[in-house]
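# Per-entry structural report
As a plain string of letters, each chain reads:
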Amino acid sequence: MNFLDYEDLPGLTLEKADNTPRGYHVPVLVDEVVALLRPAPGMLFLDGTVGGGGHSERLLEHGAEVIGLDQDTDALAEAGRKLARFGDRIRLVESNFRDAARVLEELGERRGLGGALLDVGVSSHQLDEASRGFALMKDGPLDMRMSQQTGSSAADLVNTLPVAELVRIFREFGEEPRAAQVASRIAALRTQHPFETTFDLAAAVSSVIPKTSGRHPATRVFQALRIAVNDELGALRDGLKEIPALLAPGARFGIITFHSLEDRIVKHFFRDRSQEWIDRPEWPEPRRNPDRLFRLLTPHPIDASVDEIRINPRSRSAKLRVVEKLADNQ
Ligand SMILES: C[S@@+](CC[C@H](N)C(=O)[O-])C[C@H]1O[C@@H](n2cnc3c(N)ncnc32)[C@H](O)[C@@H]1O
């Protein structure tokens, strides 16, 4: 698994390389997204994770219309500022992409989408802004919610979940080998004082996990909690169920992921919906795949180029996979 989200906090990378871009968020694999999704005038795109609007901006510059979703109010404000010049070709809605079908219906949008993009995970702004509580190197409230409107914060989880559930989260979403020790330590400490800040938690984890590499000992635990707080994998699975039905035949669907848990879900979904034939040992011969929906355009995921990684180290862990929706008779 890759933990660059936390290791490449803008504050840290600036110390390493002063050419690191600053700003709300630097979009990754932008040229690759444009080349594969082929935005053009008259096409309607869904950007399910509009963030700072970097990818949407490029889709709009190529003449497409975009419906941009984000569950984070800050992101929508930033995207609104950046994309205002495109007038009514951009519509921004505060929503989880798992509810994309409902959003399109509420907008009265009945056209099939010409393409869709998900760039999942957190933005640099979310990671860098101490008050959002994602950053283990910056003290702030232990929050980690992408959507400021709803849901339990990371502090709610560490202060209330049973130890066994914390162990599961740290193992499943962080692949943390010392999950049980960390959860027991948290359980002991929270009886004395509830966890309130990122530094409280980082210190508790550091007291159990020795620092061995360049990575902060709490990196895996922070990532696991972030995934749990935002139900990131559940939202991705729901988005994969919802979005294909919204695509017009020939439309392309691209997904950028930043760690192996997400990439595995996308890889398997795209493969299962793209293969023409299925073969099982118990069958006398292969059968046609009744769930085939797509043509797979990226048998191997697309990674950032060496040049992009040099300019934006966070792109090092990005993987782009793209499929094209088949016509009904294909
Ligand atoms: C990596 S950033 C996207 C950056 C964006 N592509 C750009 O060019 O600036 C991820 C964004 O997706 C949002 N996000 C993550 N999961 C989401 C979900 N399930 N539904 C809606 N927004 C989500 C986050 O709030 C964050 O703003």
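Residues numbered from 1 in each chain as written. Predicted model: local features only at pLDDT ≥ 70, side-chain atom pairs only at ≥ 80, totals over all residues. Heavy atoms only, no water.

## A few points about the pairing of strand 5 (residues 247-257)
Along strand 5, eight of the 11 residues are buried, which leaves the element largely enclosed by surrounding structure. For strand 4 (residues 113-119) and strand 5, the ladder comprises six bridges, and the chain directions are parallel. Within the sheet, the bridge partner assigned to Asp 119 lies in strand 5 and is Ile 256. Sheet topology note: the strand 5/strand 10 (residues 319-325) ladder contains six bridges and is antiparallel. The residue of strand 10 that forms the bridge with Thr 257 is Lys 319. (Buried < 20%, exposed > 50% of the residue type's maximum accessible area, 1.4 Å probe, protein only. Helix = DSSP H or I, 4+ residues; strand = E, 2+ residues; numbered from the N terminus. Pairing = 2+ DSSP bridges.)

## Quick notes on the packing of aromatic side chains
Counting across every chain of the model gives four aromatic pairs. Ring geometry for Phe 269 against Phe 270: centres 6.3 Å apart, planes inclined by 50 degrees, an arrangement best described as tilted. When its relative accessible area of 1% is taken as the criterion, Phe 270 is described as buried. Among the aromatic side chains, those forming a connected cluster through ring pairs are Phe 253, Phe 269, Phe 270 and Phe 294. The ring of Trp 283 has Arg 287 lying over it, and the distance from NZ or CZ to the ring centre is 4.0 Å. Here the guanidinium or amino end of Arg 314 rests over the ring plane of Phe 258, the centre of that ring lying 4.4 Å away. (Phe/Tyr/Trp six-rings, centres within 6.5 Å; stacked < 30°, edge-to-face > 60°. Lys NZ or Arg CZ within 6 Å of the ring centre and 35° of its normal.)

## Notes on unusual backbone geometry
Glycine aside, negative phi is the norm for most residues, and most peptide bonds take the trans geometry. At Leu 29, a position not held by glycine, the phi torsion is positive, near 50 degrees. Secondary-structure assignment places Leu 29 in the loop between helix 2 (10-16) and helix 3 (30-37). Residue Leu 29 is classed as buried on the basis of its relative accessible area of 0%. Despite not being glycine, Glu 175 shows a phi value in the positive range, around 50 degrees. By the element assignment, Glu 175 lies in the loop between helix 9 (163-174) and helix 10 (179-192).

Keep in mind that these numbers describe shape and distance, not what the molecule does.
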